[in-house]
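Now for the letters of each chain:
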Amino acid sequence: MIMFFFKKNTLFKIMKNSFFHLPTPLNITYMWNFGSLLGLCLMIQTMTGIFLAMQYTPNIMNSFFSVIHISRDINWGWFLRILHSNGASMFFICLYLHIGRGIYYMSYYFYMTWCSGVIILFMTMATAFLGYVLPWGQMSFWGATVITNLLSAIPYLGNLMVVWLWGGFSVENPTLNRFFVFHFVLPFLIMFLVILHLMFLHTTGSNNVLGINSNYKKISFSPFFLLKDLLGFFFFFFFFMIILFYYPFFLGDPDNFLMANPMVTPEHIQPEWYFLFAYAILRSISNKLGGVVMLVMSIFILFFLPFKKKSMMKGLHFYKLNVYFFWIFVIIFFLLTVLGSKPIEYPYVVLTQYLTFFYFFYFFFNEILLYLKDKMI
């Protein structure tokens, strides 16, 4: 009976063809493992989030203490909490590496796959921001106040939108309730987008190291790449467990161990580390509306990559000059992340402005290299 079900069940056949018999380029490396690791992170975050939501109270008087209750009184609650909070950091580490690999090997020419991935990035960042507010610590409250206030930069409707989002004239109980609802719902929407992302990926096939058509050089996903993914899972859990059991609060902010107090402003307000590069770009622009536009463009610019001029050979990583500039771009990303955690004072502001210019210039310089390469060929 069970064998008959497996033979006739269409869903099982789809899963079997997707995870075992999927034709995969022969020459892809371990850098292609981050897609499966992101799926693992999404599952971890969703499952731990559901269990945490069973004990969390979305009320400004009780939310901070409900987090303490989860950590101290619930069986394995402490583990679920640090697993969820640090899981977000691991999620973004894998996400940025996944995007970096796509830029390096020019995977963005698979238009629908790339654009659906950028939408997932936007949704993930929104979900992470909403979740950061829920513990109702000092940095959570003031981070929510600062970021939501950015909407007021929109001409004419900005202030009205901020009041509508808050549900009042400040970040209060309606705000926390709304953030909790959206933080709970958005991961399921992300799952749907991930399914679309995989559908587009399986339609076009994966990119490869050489950046060439690999339709004639493909092998079955199982067992070769399945074992690669399992090895990636092993190293992922190895480093994840080191963080969980030895440095569980290393990536968090000490101010979040204090209950939110609207009467006391922290000396330096900053978001979580995975938003710091965008936060630094925001602060580098003196005009509020200009800063918001540049903040959005720091991610939105990824949508424009598929429209770049196609070269005869896609692999720009074969050209040393482009490789150097790619790694300079990576260094700029790390420096912006560091500067985003610094006070708004000299010389940090000036350095951030220069780095912001070079951050955006990289994407235009890459187009110039494509043009010159085609001319040389």
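Before reading on, note that the structure itself is shown above.
Residues numbered from 1 in each chain as written. Predicted model: local features only at pLDDT ≥ 70, side-chain atom pairs only at ≥ 80, totals over all residues. Heavy atoms only, no water.

### Considering unusual backbone geometry
The phi torsion of most residues other than glycine is negative, and most of the peptide bonds are trans. Quick reminder of the rule: Strands are runs of DSSP state E lasting at least 2 residues, helices are runs of H or I lasting at least 4, and numbering of each runs from the N terminus.
A cis amide bond links Tyr346 with the next residue in sequence, Pro347, at an omega value of 5 degrees. Note that Pro347 resides in the loop between α13 (320–339) and α14 (348–376). The phi angle at Met106 is positive, at roughly 55 degrees, despite the residue not being glycine. Locating Met106 in the fold gives a position in the loop between α5 (77–104) and α6 (111–133).

### A closer look at the packing of aromatic side chains
Remark: the centre distance and the inter-plane angle together describe each pair of aromatic rings, the angle taken between the planes. We apply this condition: In this scheme Phe, Tyr and Trp rings, the latter by its six-membered ring, pair at centre separations within 6.5 Å, and the angle between planes marks the pair as stacked below 30 degrees, edge-to-face above 60, and tilted otherwise. Note on exposure labels: buried denotes an accessible area under 20% of the residue type's maximum, exposed denotes more than 50%, and partly exposed covers the range between, all computed with a 1.4 Å probe on protein chains only. We call a charge positioned over a ring when the NZ of a Lys or the CZ of an Arg lies within 6 Å of the ring centre and within 35 degrees of the ring normal.
This structure, assessed with the given rule, holds 47 aromatic pairs. Between Phe79 and Phe245 the ring centres are 6.0 Å apart and the planes differ by 15 degrees, which places this aromatic pair in the stacked class. Of this pair, Phe79 sits in helix α5 while Phe245 is found in helix α10 (residues 224–246), placing the two residues 166 residues apart along the sequence. For Phe79, a relative accessible area of 18% puts it in the buried group. Judged by centre distance (6.0 Å) and plane angle (70 degrees), the ring pair of Tyr359 and Phe363 falls under edge-to-face. Placement of both Tyr359 and Phe363 in helix α14 is noted, with a separation of four residues, approximately one turn of the helix. Judged by relative accessible area, which is 4%, Tyr359 ranks as buried. Directly above the aromatic system of Tyr30 lies the positively charged group of Lys228, at a separation of 4.9 Å from the ring centroid.

### Some details on the nonpolar core
The condition is simple: Nonpolar cores were defined as sets of buried Ala, Val, Leu, Ile, Met, Phe, Trp, Tyr and Cys residues, with membership established by side-chain atoms within 4.5 Å. By the convention used here, residues are in contact when the closest approach between their heavy atoms is within 4.5 Å.
Within the largest apolar cluster, 90 residues are counted, with the highest numbers of intra-cluster contacts made by Phe236, Leu302 and Tyr359. Per element, the largest residue contribution to this core is 13 residues, and it comes from α5. Sequence-distant contacts of Phe236, defined by excluding residues within four places in its chain, comprise Leu37, Leu40, Cys41, Ile44, Met90 and Cys94.

### Section: the packing of helix α7 (residues 138–149) against helix α8 (residues 158–166)
Selection criterion: Note on geometry: axes are C-alpha line fits, over the in-contact stretch for helices, and angles between N-to-C directions span 0 to 180 degrees. Residues are sorted three ways: Asp, Glu, Lys and Arg are charged, Ala, Val, Leu, Ile, Met, Phe, Trp, Tyr, Cys and Pro are nonpolar, and all the rest, Gly among them, are polar.
Closest axis-to-axis distance for the α7/α8 pair is 10 Å, and the angle between their directions is 145 degrees. Taken together, the residues of α8 that come into contact with α7 (itself represented by Thr145, Thr148 and Asn149) are Val162, Leu165 and Trp166. Tallied by class, residues from the contact of α7 with α8 come to three nonpolar, three polar and no charged.

### Comments concerning the side chain of Asn208
Mapped onto the elements, Asn208 comes out in the loop between α9 (173–204) and β2 (218–220). Once residues lying within four places of it in the same chain are set aside, the contact partners of Asn208 are Pro25, Asn27, Ile28, Trp32 and Ser214.

### Quick notes on the environment of Ser85
Rules: Pairs of N or O atoms are called polar contacts if they sit within 3.5 Å, as long as, within protein, a hydrogen donor faces a hydrogen acceptor (for residues adjacent in sequence, only side-chain-to-side-chain pairs).
Assignment of secondary structure puts Ser85 in helix α5. On the basis of relative accessible area, Ser85 is assigned to the partly exposed category, the value being 35%. The spacing of Ser85 and Leu244 is 159 residues in sequence and 9.7 Å in space, taken between C-alpha atoms. In terms of polar contacts, Ser85 uses its side chain to reach the backbone carbonyl oxygen of Ile82, at 3.4 Å.

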